[in-house]
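Structural overview for review
Here is what each chain is made of, one letter per residue.
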Amino acid sequence: MPLPVPVPPDSPSPARWPGGALDRRGDERAAEDLVSRERAASGTRVLAVRGDATPVDDGRLALLRTDDVGQTIEWAFLGRDENDDALLLAVIDDDDDLQLSPSVEWGRLRSIGGDLPADESEIFATAVALAGWLRDAPFCPACGTRTELRHAGWSRHCPRCGREHFPRTDPAVIVLLSSATDPDRILLGANAAWGGGRYSCFAGFAEAGESLEDAVAREILEEAGVRLQDVQYRGSQVWPYPRSLMLGFRARILDDTEVRPDGEEIVEVRWFDREQIGAALRGEDAVQLPGTSSIARRLIEDWYGGAA
């Protein structure tokens, strides 16, 4: 695998992620000086996150040197690359305009996550999820006291009541539905918030005390009015909007005649055959499908490609 692109001392040009899965090194987080020590190390690179965006260069994550990052809200340790160099997260303010090279642009996870190499997409999603928690949850939810960061940005300690707090992840189910009688037809829905023309799988959060299987059955009955059979788990995806873990399923409708939108969240449901989905995937149809960064898109593409 290629090594990181070297960065001249007098240049703000970023390095690119060298490839290979990020080793999170959770065992190192207990060291109180980990972040400060790695900020001073010459090989350390930084992924700056502003909202849900990060610098990108030619379709790759643009990693910075610590000296290139100005004022930050928080720092955190993300892990190490194959050369054992640290990757840090710098959560920066929305108004902070980093001095980047002309080829670098800010890219949002929703827009570019699906176009990045798989390992970089995972790093980006992790960074956005952690950054959101670091930015939005500085106070103890039990007593309101400002907390102290611990474990290299992965936990918060309340100095008043002693509670420990960690980044929260909310499970959500997302389901691709196929016809009871025709496996070459799928049912997609249009959400009221999308303004028409866009169709996707049906999704919703698992409720307290609810299994994933029960969440699938309830959400689909609520949104599309149908009962299910042959429910199959297909995979998961981090979706930090704001802190979800999307658990993907495929299922077959028990009775196609029961299909109806709830009229509130889902304003329309529509059947699509493989030819129509193929045209939409190729951009040859006015119908908009989920973006390439989403598990909804992957579920649809897998079905279209005939994945069992």
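Moving on to the pairing of strand S12 (residues 185–191). Residues in a regular strand point their side chains to alternate faces of the sheet. Across the seven residues of S12, six count as buried, placing the element largely inside the fold. Relative to S12, strand S11 (residues 170–178) runs antiparallel, the two being bridged by two bridges. Paired with Leu-177 across the bridge in S12 is Leu-187. Between S11 and S12, which pair antiparallel in sequence order, lie six residues.

Ranked by size, the top nonpolar core spans 46 residues in total, and within it Leu-47, Leu-78, Leu-89, Leu-188 and Ile-277 carry the most contacts. No other element matches the nine residues that helix H3 (residues 118–136) contributes to this core.

Moving on, we come to the environment of Ala-125. Here Ala-125 is to be found in helix H3. Owing to a relative accessible area of 8%, Ala-125 belongs among the buried residues under this scheme. Remark: the alpha-carbon pair of Ala-125 and Pro-240, spanning 115 residues in sequence, is separated by 6.8 Å. For Ala-125, the residues in contact, after removing those within four places along its chain, are Leu-109, Val-238 and Pro-240.

Another point: the state of the cysteines. With the rule as written, the count across this model stands at zero disulfides. Counting only cysteine sulfurs, Cys-161 is the nearest neighbor of Cys-140, a cysteine outside any disulfide, at a range of 3.7 Å. The class for Cys-140 is buried, based on a relative accessible area of 3%.

Cut-offs and rules
Residues numbered from 1 in each chain as written. Predicted model: local features only at pLDDT ≥ 70, side-chain atom pairs only at ≥ 80, totals over all residues. Heavy atoms only, no water. Buried < 20%, exposed > 50% of the residue type's maximum accessible area, 1.4 Å probe, protein only. Helix = DSSP H or I, 4+ residues; strand = E, 2+ residues; numbered from the N terminus. Pairing = 2+ DSSP bridges. Core = buried A, V, L, I, M, F, W, Y, C linked by side-chain atoms within 4.5 Å. Contact = heavy atoms within 4.5 Å. Disulfide = S-S within 2.5 Å.

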